[in-house]
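What the coordinates show
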Amino acid sequence: MASEQPLAAVTCTAPVNIAVIKYWGKRDEELVLPINSSLSVTLHQDQLKTTTTAVISKDFTEDRIWLNGREEDVGQPRLQACLREIRRLARKRRNAWDGDPLSSSLSCKVHVASVNNFPTAAGLASSAAGYACLAYTLARVYGVESDLSEVARRGSGSACRSLYGGFVEWQMGEQTDGKDSVARQVAPESHWPELRVLILVVSAEKKLTGSTVGMRASVETSPLLRFRAEAVVPARMAEMTRCIRERDFPGFAQLTMKDSNQFHATCLDTFPPISYLNAVSWRIIHLVHRFNAHHGDTKVAYTFDAGPNAVIFTLDDTVAEFVAAVRHSFPPGSNGDAFLKGLQVRPAPLSAELQAALAMEPTTPGGVKYIIATQVGPGPQILDDPSAHLLGPDGLPKPAA
């Protein structure tokens, strides 16, 4: 007998988000509940995204997953937590709607394939985009319509923030079951059209201390982290929300830098200490402060997650000059023409005054490997075109074109 057509096949994309008020530390490891609220900016999927296909079929004998073309262990606890949670929600919905056409899907196994259009685990928030995309795609394939914060969060805490576009807060919540620990949009992606984001990729290597292990060590050993969560973050969340709503760039920029610096201070306060920034990261920090001092105004901000790559926020009228400053201080390696990816940036001259103000000898080429120019973007999207599916009708990855 010929094999049946799959019951459902869905392909979705989800964005990367960059926290401007950082999440670091869990109060519940199992449920992935944070010790403080956080706030992020969703980046545009034209430059950075995860694409995921999920297929369910009666023919499948087990759940399987492929990441960037390689089959991975589907038994990973976080992956299992997502699958369990989405199936629980689907069951709950089916009980409310008897005779649901998707009811037979619950007994089926699922095949999932996911690809990133950027380096995984290089400190570019790949797990956030990945788990948001997984949660969103599984929800579509299983007919789940409820809030997906919990599903995504169980995979990777910051993934719940990638379920929305624009500016997003993850409310830490107070309940022990985590039902009130959810992501909410603060402002849509259209709210601040002039805002631009530059990712300075310093290293595409895997990091020395993963976020999960680093966070646990900080929670256990850093008194500064507890002080941050209790005494600093609540006021910063309110202030950051105000800056975004009022499009106050200097306020937004200064708070973004201060919060990044405090996050890295809590890493140094962890015992043994954790350091995610390298020498190039520090040069970028100095470059930003000198650039702003030269202009007598806060025109550019940096933020760093758990890795050495810098994420720069600025407004569209400053992008070209700042890129020129980066090119001057960090001459491109052999990839001169491929140094700038993403949005087009017109070349701009670097004035002699600014060059003098930077007072930085250019480093050996290749300190900054490349720059991705992007902007604020929307939340997850469903791709209607069947040719976008990463899995064929047999539920196996399509051969690479």
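The present account deals with the structure reproduced in this document. No experiment lies behind these values; they were computed from the predicted model shown. (Residues numbered from 1 in each chain as written. Predicted model: local features only at pLDDT ≥ 70, side-chain atom pairs only at ≥ 80, totals over all residues. Heavy atoms only, no water.)

1. Regarding the environment of Arg-140
Take Arg-140: it is sitting in helix α2 (residues 126-142). Ignoring any residue separated from it by four or fewer positions in sequence, one finds Arg-140 in contact with Val-10, Cys-12 and Ile-382. (Helix = DSSP H or I, 4+ residues; strand = E, 2+ residues; numbered from the N terminus. Contact = heavy atoms within 4.5 Å.)

2. With respect to the packing of aromatic side chains
One pass over the structure, following the stated rule, counts 10 aromatic pairs. Summarising the aromatic geometry, the rings of Phe-167 and Trp-192 are spaced 6.3 Å apart at their centres and angled 35° between planes, so their arrangement reads as tilted. With Phe-167 in strand β10 (residues 167-170) and Trp-192 in the loop between β11 (183-187) and β12 (195-201), the pair connects residues that are 25 residues apart, well separated along the chain. Members of the aromatic cluster, each reached through a chain of ring pairs, are Phe-167, Trp-192, Phe-249, Phe-252 and Phe-313. One cation-aromatic arrangement involves Arg-140 over Tyr-136; the distance from NZ or CZ to the ring centre is 4.0 Å. It is Lys-341 that lies over the ring of Tyr-370; its NZ or CZ is 4.6 Å from the centre. (Phe/Tyr/Trp six-rings, centres within 6.5 Å; stacked < 30°, edge-to-face > 60°. Lys NZ or Arg CZ within 6 Å of the ring centre and 35° of its normal.)

3. Topic: the packing of helix α7 (residues 279-295) against helix α8 (residues 319-329)
Interaxial distance between α7 and α8 falls to 11 Å at its minimum, and their mutual angle equals 135°. With respect to α8, the element α7 is oriented oblique. In the packing of α7 onto α8, the handedness of the crossing is right-handed. Here α7 contributes Arg-283, Leu-287, Val-288, Phe-291 and His-295 to the contact with α8, which in turn contributes Glu-321, Phe-322, Ala-325, Val-326 and Ser-329. (Axes fitted to C-alpha atoms, helices over the stretch in contact; angles between N-to-C directions. Parallel < 35°, antiparallel > 145°, perpendicular 65-115°, else oblique. Left-handed = near helix turned anticlockwise from the far one by under 90°.)

4. Some thoughts on the pattern of salt bridges
Evaluated as defined, the whole model comprises 17 salt bridges. Close ionic contact of Arg-93 with Glu-145 constitutes a salt bridge, the shortest N to O distance being 3.9 Å. Here the residue Arg-93 occupies a position in helix α1 (residues 77-96), and Glu-145 occupies one in the loop between α2 and α3 (149-155), the gap between them amounting to 52 residues. Exposure remark for Arg-93: the relative accessible area of 22% places this residue in the partly exposed category. (Salt bridge = Lys/Arg side-chain N within 4 Å of Asp/Glu carboxyl O. Buried < 20%, exposed > 50% of the residue type's maximum accessible area, 1.4 Å probe, protein only.)

5. Quick word on the sheet that holds strand β5 (residues 38-42)
The strand order across the open sheet built from four strands is β2-β5-β10-β11, with neighbouring strands paired in antiparallel fashion. Both outer strands of the open sheet, β2 (17-21) and β11, are each paired with one neighbouring strand and no more. Strand-to-strand twist of the sheet, defined as the mean angle between neighbouring strand axes without regard to direction, takes the value 35°. Judged from the four bridges that link them, β10 and β11 form a sheet pairing that is antiparallel. Its bridge partner being in β11, Glu-169 is matched across the sheet by Arg-184. Taken strand by strand, helix α5 (residues 223-245) contacts β2, β5, β10 and β11, and its axis lies near 115° from that of β2. (Pairing = 2+ DSSP bridges.)

Don't take any of this as a statement about function, it's just geometry.
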